[in-house]
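# Observations on the three-dimensional arrangement
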Amino acid sequence: MKSKLVEIKNLSVSYDQQRVLEQATLDIEPLDFLGIIGPNGGGKTTLIKALLGLVKPDAGSIKFHIPLKKVGYLPQINQVDKRFPITVLDVVQSGKAGTRFLNVFRKDQTDRLHAEKLIDEMGISAIRHQAIGELSGGQMQRVFLCRSLMNQPELLILDEPDTFVDNQFESELYEKLKELNQRMAILLVSHDVGTISYYVKTIACVNRQVHYHPSNVISTEQLASYNCPLQIITHGHIPHTVLSMHENHDHHGHHH
Amino acid sequence: MDTIIDLFSYDFFMNAFWASFFAAISCGIVGTYIVSRRIVFVSGGITHASFGGIGIGYFLGWSPLLGAAVFAILSGWGIQLFTQKGKVREDSSIAIWWSLGMAIGIIFIYLSPGYAPNLMSYLFGSVLTVSITELYLMGTLSLVLVLFFTLFYRLVLYVAFDEEFAKTTGLPVNLINYLLISLIALTIVLNIRVVGIILILSLLTLPQATANLFTKDFKKMMVISVLFAFVGSFAGLLFSFYVDIPSGASIIFTLVLVFGLMKLAFYIRQNLLSRD
C-alpha cells in the first residue's frame, strides 16, 4: 500500500492579492477520515479548490499518488443553480463527465446503470427523474454525494455536506461516510466541529495556516494555540464526543 | 385574399417560411443553453456588438453579415476573456463590448457614403427579404447545431450545470465554453435578418420560458423550445402578412402571446383546479 495519497507542501494561495493560505503543509493518508475545521474565511474551501486544481497556488506543491480522476468532490450546495433544468439521474451521471469526453459515441448504458445503483443505495430512487429544483436540502446533498461517488473515488472531498439538511439526514450522512471510509479516504470540511469530531480520525485546523492534529480529540487550548478560534457548539441528538475541554469551558457544550 | 396554401406559391413567402423554420431550430436549441446557463445578457452584449461589424461591412462594401459574424464572435470571446482573466465583473464586461460595438457601427454607417438602405432590416428584421444565400447559411447552422448538441449533449449539459465540478472531472471546460459562445454568436448573427438586433433576444428566451413550463429537463426543453419557436414565428409571419405590419415585431408579439396564454393556463391548473 502506498504510504500517502496526497502530499501538500508549503502551499500559498491568494485571491486578489490577499493571502488566504500561507505555507500550508498537509498529507492525506489512505483511508484517513480527515476533518477540516476553521473559522469562516480561514481558507478551508480554498485549500480544497487548490487541491482540485480549481485555483492556482502562488507557491508550494501538491503531489497526488493517485490519479486525479479517482478523486470525488462534493462542492458547497450554493455553488449550483437550483433552477437549472436537469434531472437527478443526469446530475449523478455527470460525476463521470471526464471519461465521457473521449467516448462521445459510447452508449450511456454503463454510466446510467451505475448511477441508478448509487441512487438506490442512497435510498432516493423515488426522485431519480425529478428536477433538482424540486428537492429538499437533504435530498440534494444525497444527489451530490451520489455524483461524487460516480468515479469510484479513492479520495472523497466534501465541502460542508451538512448545510441545509435536517438532523436526521445529518446522522444518516455521517453513518454513510463512516461506511464509505472503509474503502476510501475522506476529507470533510465542516463548521460543525462537535459533530464531526465523533466521526473523523484526524483533524486539520485551517486559518491561513494549516495545523494537522493526528487524532479526533482536540482541546480548546490546542485550537487556540493553532490560532484557530472556534466556538464549539454542539446540537441535535446525534451521538458525539465533544472535543475534550477543560472544566472552565464546559458551558460550551454537553456530553452524551 | 390569399389562403395560406396560396401563400406558399410565392417565392418570398417560401423563403420566409424556411427562414422561420431554421430560426426556430437554431434559436430553440441555443436559447435553451443561454437561458439555462443564465447568460441572456452575455447574448445581448454579443447581439449589439455585432452592429459594429454591420457598420464596417457597409463602409467597406463587404457583406454586413460577415462583419457582424466577426464582431459577434470576437465580442463573445472578449466578454469571456475580460471576465476570466481581466477580473472585470461580468455585467461590466458585457456593457463594454455592447456599447463599443454599437459605437463603431454608428461611426462607420455615418462615414459610409449615401444612405444605408437595409439598415432598418438589420435593426428590426425583415424575414420577407431573406436571400437564398442567407437561407443556405441558416440551414447549415441548424444542421451543425443539431449535430453538435446531439453528439456532445452530455458535455454541454455538464459544463452548463456546474462548470467547476466539470473541471474537476477533467473536462476541457474552457474549450467547450469558447466553442459554445462562438455558436451563440453565429446563431445570433444569422437570425438577425429574421427579427433584428433589437428583438433577437426574445427568440432566444421566450420559447424557452414557455417550454420550461412543461419540462425541467434540458433535452426536452430544447425540443419543446424549437416547437414553440416555430409555432410563434410562423403564426407571427402569417399575422404580419394579413394585417400588414412588420414581421419581426409580429413574431415577437406572437411569442409573448403564446407564453402568456400558456402561463395563464398553468396558473389556472395549479391554483384554481387543484382545490377540488
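Residues numbered from 1 in each chain as written. Chains lettered and ligands numbered in written order. Predicted model: local features only at pLDDT ≥ 70, side-chain atom pairs only at ≥ 80, totals over all residues.

A separate point is the overall build of chain B. Along the backbone of chain B there are 13 helices and 0 strands. Tracing chain B from N to C terminus, the helices and strands come up as α-α-α-α-α-α-α-α-α-α-α-α-α. At 19 Å, chain B has a C-alpha radius of gyration in line with the 19 Å of a compact globule built from 276 residues. Reported as C-alpha extents along the three principal axes, the dimensions of chain B are approximately 60 × 55 × 30 Å. (Helix = DSSP H or I, 4+ residues; strand = E, 2+ residues; numbered from the N terminus. Rg over C-alpha atoms; globule rule 2.2 N^0.38 Å.)

We now examine the nonpolar core. One broad rule of soluble globular proteins: the nonpolar side chains tend to lie buried together. Residues V92, L155 and I186 of chain A together with A72 and V189 of chain B are the most contacted members of the largest nonpolar core, which totals 148 residues. Two domains each donate at least three residues to this core, and these are domain 1 (1-66 + 154-256) and domain 2 (82-151) of chain A. (Core = buried A, V, L, I, M, F, W, Y, C linked by C-beta atoms within 7 Å. Buried ≥ 20, exposed ≤ 12 C-beta atoms within 10 Å, placed from the backbone. Domains from an automatic or database assignment.)

All names here are of chain B. One can describe the packing of helix α4 (residues 64-84) onto helix α10 (residues 173-195) by two numbers: an axis separation of 9 Å at closest approach and a directional angle of 145°. For the crossing formed where α4 meets α10, the hand is right-handed. Two secondary-structure elements touch here, α4 through L65, A68, A69, A72, I73, G76, W77 and Q80 and α10 through N177, Y178, I181, S182, I184, A185, L186, I188, V189 and I192. Looking at the contact of α4 with α10 residue by residue, the classes come out as 14 nonpolar, 4 polar and no charged. (Axes fitted to C-alpha atoms, helices over the stretch in contact; angles between N-to-C directions. Left-handed = near helix turned anticlockwise from the far one by under 90°. Contact = placed C-beta atoms within 7 Å. Nonpolar A, V, L, I, M, F, W, Y, C, P; charged D, E, K, R; others polar.)

Residue and element names in this part refer to chain A. One non-glycine residue, Q152, adopts positive backbone phi at about 45°. Turning to its location among the elements, Q152 is positioned in the loop between α5 (137-149) and β6 (155-159). Backbone geometry at F164 places phi at a positive 60°, although glycine is not the residue there. For F164, the location among the structural elements is in the loop between β6 and α6 (167-180). You can call F164 partly exposed: it has 15 C-beta atoms within 10 Å.

What follows is about the packing of helix α11 (residues 200-214) of chain B against helix α13 (residues 247-271) of chain B. All names here are of chain B. Between α11 and α13, the shortest axis-to-axis distance is 9 Å and the interhelical angle comes to 20°. Judged by the angle between their axes, α11 and α13 are roughly parallel. Of the two possible hands of crossing, α11 and α13 adopt the one that is left-handed. Residue-level contacts link S202, L206, P207, A209, T210 and L213 of α11 to I252, L255, V256, V258, F259, M262, K263 and F266 of α13. Residue composition of the contact of α11 with α13, grouped by class: 11 nonpolar, 2 polar and 1 charged. (Parallel < 35°, antiparallel > 145°, perpendicular 65-115°, else oblique.)

All right, on to the interface of chain A and chain B then. With 23 residues of chain A at the interface, the matching set in chain B holds 24 residues. Looking at which element gives the most residues to the side of chain A that touches chain B, the answer is helix α3 (residues 97-100) of chain A, with 3 residues. Grouping the amino acids of the side of chain A that touches chain B by side-chain chemistry returns 13 nonpolar, 6 polar and 4 charged.

The subject of this paragraph is helix α7 (residues 132-151) of chain B. Residues and elements named next belong to chain B. The first and last C-alpha atoms of α7 sit 29 Å apart over 20 residues, in line with the 28 Å expected at 1.5 Å per residue. Along α7, the residues that are buried comprise M138, L141, S142, L145 and F149. Down the axis of α7, the smallest arc covering the buried residues is 105°, so these residues share one side. Residues of α7 that are exposed and point over 90 degrees away from its buried face: I132, T133, Y136, L147, T150 and L151. Tucked into the core, α7 has its buried residues touching α2 (11-36), α8 (153-161), α10 and α12 (218-243). (Expected span 1.5 Å × (residues − 1). Arc of directions from axis to C-beta.)

Function cannot be read off these values alone, since they describe shape.
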